[in-house]
Amino acid sequence: MADPEAASQAPGAMEELRVADAWDAGDMGCGEVIILLRARMRKLSPGEVFKLTAHDPGAPEDIPAWCRLTGRRLLQAQHPHYWIEQAQSA
């Protein structure tokens, strides 16, 4: 899997990741986004990548915290876009 540090420095590097699923949550609040994101991520196999688009102003803090709490890896965050790797033991 791509090194997140290298990806943040290389233009277009995130497009090289194979995104298994994506969702644009629009302006939905983070509380609701987290609940629905959990259900969407359950469909992924371990190691697959999900691209979330969330415009809520709390997303830059809430999405990384949710990833840490659930054992998922936040590969890249460029608000409003977040690339999340499914946990190995989802």
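Please refer to the structure higher up on the page.
Definitions and cut-offs
- Residues numbered from 1 in each chain as written.
- Predicted model: local features only at pLDDT ≥ 70, side-chain atom pairs only at ≥ 80, totals over all residues.
- Heavy atoms only, no water.
- Pairing = 2+ DSSP bridges.
- Helix = DSSP H or I, 4+ residues; strand = E, 2+ residues; numbered from the N terminus.
- Axes fitted to C-alpha atoms, helices over the stretch in contact; angles between N-to-C directions.
- Contact = heavy atoms within 4.5 Å.
- Core = buried A, V, L, I, M, F, W, Y, C linked by side-chain atoms within 4.5 Å.
- Buried < 20%, exposed > 50% of the residue type's maximum accessible area, 1.4 Å probe, protein only.

(A) Seen up close, the sheet that holds strand S1 (residues 19-24). Read across the sheet, four strands follow the order S1-S2-S4-S3 without closing on themselves; strand pairing throughout is mixed. Pairing within the sheet leaves two strands with one partner each, and these edge strands are S1 and strand S3 (73-78). Between one strand and the next, the sheet's axes are offset by a mean angle of 15°, whatever the strand orientation. Most of the contacts of helix H2 (residues 30-41) go to strand S2 (residues 49-53), to which it runs at about 155°, and overall it touches S1, S2 and strand S4 (81-85).

(B) Quick look at the nonpolar core. Among the nonpolar cores identified, the biggest contains 17 residues, and Leu37, Leu52 and Ile63 are the most heavily contacted of them. Looking at this core, the elements that each hand over two or more residues are H2, S2, helix H3 (59-70) and S4. In terms of residues, this core owes the most to one element, H2, which gives five residues. When residues no more than four places from it in sequence are discounted, the contact partners of Ile63 are Val33, Ile34, Leu52, Leu74, Tyr82 and Ile84.

(C) Inspection of the pairing of S3 at higher detail. One ladder, built from five bridges, connects S3 with S4; its direction is antiparallel. The partner of Arg73 across the bridge, within S4, is Glu85. From the end of S3 to the start of S4, which pair antiparallel, there are two residues.

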